[in-house]
Amino acid sequence: MDDVFRALADASRRLLLDRLRTRNGQTLRELCAGLAMSRQAVSKHLAVLEAARLVTSVRSGREKLHYLDAAPIQELSDRWIGKYERGGLDPPDRWKRNLKEELPVEKPEFVYEIYIETTPQRLYEALTDADFAQRYFGGWGPKSDWRVGSPVLWKMGPEGAYEDLGQAVIEAVPGRKLAYTWHRILPMHRQLFDSDEEFERARTEQSQVAFDIQPADPASLGVKLTITHDGFESTDSEMLKGVSGGWVMILSTLKTLIEREQG
């Protein structure tokens, strides 16, 4: 948390975060454009932001794309702001706000990294345990035997039954990776779209999601979880707009639940 406060204390670094919030997935050259700072100065600021886990960089060919990681800011808000508020937003309202306000990115994919104090094995269990998944998915979530080719069923709300939406397991390596197809937005998300037309376009689009698990530091109890949701039709994909904000909220909740278990 101290690293986050230090990173946010600098106006130049806050400006870089604002730029990434406006358009995620920018190169160093794009972030430098129009700034009264040298390329080297911007690189140093980005290094501080990455150390605080506020920015994640991903290689794409010869380019290095930078993505805003909102999880530490959300944790800061929950710890130092949310607990002092008289009232908070209901979970559906928070989902709607985050999903609808997510701004478009340049690439037709969503990439997000989050660090969790746990073991690779426990994180994989959390991703594949149907009962535990309902806790961080907000009452719904996936269920499968997690064998390659098996269907991935989805629980349609706290009181709903599991339904087959046409999704299937692509890869499942305990403690390392989980991937499955993602065929459509769930019916419960209708309220997040401005029109029935946008909602139907999102429901019929196909994509896939992958979770990569890596030890964050061999000497510490921690792992880096990278989620990549890709295969979208275009950068204007309604599904891409929806899942981008949704995954940030889901994984932030997952991190909180697992680390709470660690005590």
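What counts and what doesn't
Residues numbered from 1 in each chain as written. Predicted model: local features only at pLDDT ≥ 70, side-chain atom pairs only at ≥ 80, totals over all residues. Heavy atoms only, no water. Phe/Tyr/Trp six-rings, centres within 6.5 Å; stacked < 30°, edge-to-face > 60°. Buried < 20%, exposed > 50% of the residue type's maximum accessible area, 1.4 Å probe, protein only. Helix = DSSP H or I, 4+ residues; strand = E, 2+ residues; numbered from the N terminus. Lys NZ or Arg CZ within 6 Å of the ring centre and 35° of its normal. Pairing = 2+ DSSP bridges. Salt bridge = Lys/Arg side-chain N within 4 Å of Asp/Glu carboxyl O. Axes fitted to C-alpha atoms, helices over the stretch in contact; angles between N-to-C directions. Parallel < 35°, antiparallel > 145°, perpendicular 65-115°, else oblique. Contact = heavy atoms within 4.5 Å. Nonpolar A, V, L, I, M, F, W, Y, C, P; charged D, E, K, R; others polar. Core = buried A, V, L, I, M, F, W, Y, C linked by side-chain atoms within 4.5 Å. 1 Å grid on protein atoms, 1.4 Å probe; cavity = no way out; pocket = protein on both sides within 12 Å on 5 of 7 lines; lining within 4 Å. Points joined across faces, edges and corners; volume = space filled by probe spheres on them. Expected span 1.5 Å × (residues − 1). Arc of directions from axis to C-beta. Polar contact = N/O pair within 3.5 Å; in protein donor to acceptor, adjacent residues only side chain to side chain.

**What about the packing of aromatic side chains?**
Okay, step 1: As enumerated under the stated definition, the model contains 13 aromatic pairs in all.
Okay, step 2: When the centroid spacing of 6.1 Å and the interplanar angle of 15° are considered together, the rings of Phe110 and Tyr112 count as stacked. The same class applies to Phe110 and to Tyr112, which are both buried.
Okay, step 3: Considering the side-chain rings of Trp140 and Trp154, the 5.4 Å spacing of their centres and the 45° angle between planes classify their relative orientation as tilted. Taken together, the residues Trp140 in the loop between helix 8 (130-136) and strand 4 (141-143) and Trp154 in strand 5 (residues 151-155) connect sequence positions 14 residues apart.
Okay, step 4: Linked through ring pairs, Phe132, Tyr136, Phe137, Trp140, Trp146, Trp154, Tyr180, Trp182, Phe211 and Trp247 together constitute an aromatic cluster.
Okay, step 5: Here the guanidinium or amino end of Arg122 rests over the ring plane of Phe132, the centre of that ring lying 4.8 Å away.
Okay, step 6: Above the plane of the ring of Tyr162 lies Lys155, whose end atom (NZ or CZ) is 5.5 Å from the centre.

**Overview of the pairing of strand 9 (residues 223-230)**
Okay, step 1: Judged by how many residues are buried, strand 9 sits mostly within the fold: seven of eight residues are covered.
Okay, step 2: Pairing geometry for strand 3 (residues 110-116) and strand 9, over seven bridges, is antiparallel. Residue pairing for strand 9: Ile116 is matched across the bridge by Val223.
Okay, step 3: As defined by bridge partners, strand 8 (residues 207-215) adjoins strand 9 across eight bridges and the pair is classed as antiparallel. Following the sheet pairing, Phe211 is matched in strand 9 by Ile227.

**Digging into the pattern of salt bridges**
Okay, step 1: With the rule as written, the count across this model stands at eight salt bridges.
Okay, step 2: We note a salt bridge from Glu113 to Lys224, for which the minimum N-O separation is 3.7 Å. On the criterion of sequence distance, the pair formed by Glu113 in strand 3 and Lys224 in strand 9 is long-range, its members being 111 residues apart. Each member of the pair, Glu113 together with Lys224, is buried.

**Regarding the packing of helix 2 (residues 11-22) against helix 4 (residues 39-51)**
Okay, step 1: Packing of helix 2 against helix 4 brings their axes to within 10 Å, and their N-to-C directions diverge by 80°. Viewed along their axes, helix 2 and helix 4 adopt a mutual orientation that is roughly perpendicular. Of helix 4, the residues touching helix 2 (which contributes Ser12, Arg13, Leu16 and Leu17) are Val42, His45, Leu46, Val48 and Leu49.
Okay, step 2: Counted by class, the contact of helix 2 with helix 4 contains six nonpolar, two polar and one charged residues.

**Focus on the environment of Arg53**
Okay, step 1: Relative to the elements of secondary structure, Arg53 occurs in the loop between helix 4 and strand 1 (55-60).
Okay, step 2: Distance in space between the C-alpha atoms of Arg53 and Ile73 is 9.6 Å, their sequence separation being 20 residues.
Okay, step 3: Apart from the residues lying within four places of it in its own chain, the contact partners of Arg53 are Asp69, Pro72 and Tyr115.

**Topic: the nonpolar core**
Okay, step 1: Within the largest apolar cluster, 37 residues are counted, with the highest numbers of intra-cluster contacts made by Tyr136, Tyr180, Phe211, Leu225, Trp247 and Leu254.
Okay, step 2: Here this core gets eight residues from one element, more than from any other, and that element is helix 10 (residues 238-262).

**Remarks on the layout of surface pockets**
Okay, step 1: Space inside the second largest pocket adds up to approximately 250 Å³.
Okay, step 2: For the lining of the second largest pocket, the secondary-structure elements that each account for two or more residues are helix 1 (2-8), helix 5 (71-80) and strand 3.

**Looking at helix 2**
Okay, step 1: For helix 2, built from twelve residues, the straight-helix expectation of 16 Å at 1.5 Å per residue is met to within 8% by its first-to-last C-alpha distance of 17 Å.
Okay, step 2: Burial in helix 2 covers these residues: Arg13, Leu16, Leu17 and Leu20. End-on, the buried residues of helix 2 take up no more than an arc of 100°, which puts them together on one face.
Okay, step 3: Two or three places before Ser12, at the opening of helix 2, Asp10 has a side-chain oxygen 2.8 Å from that residue's backbone nitrogen.

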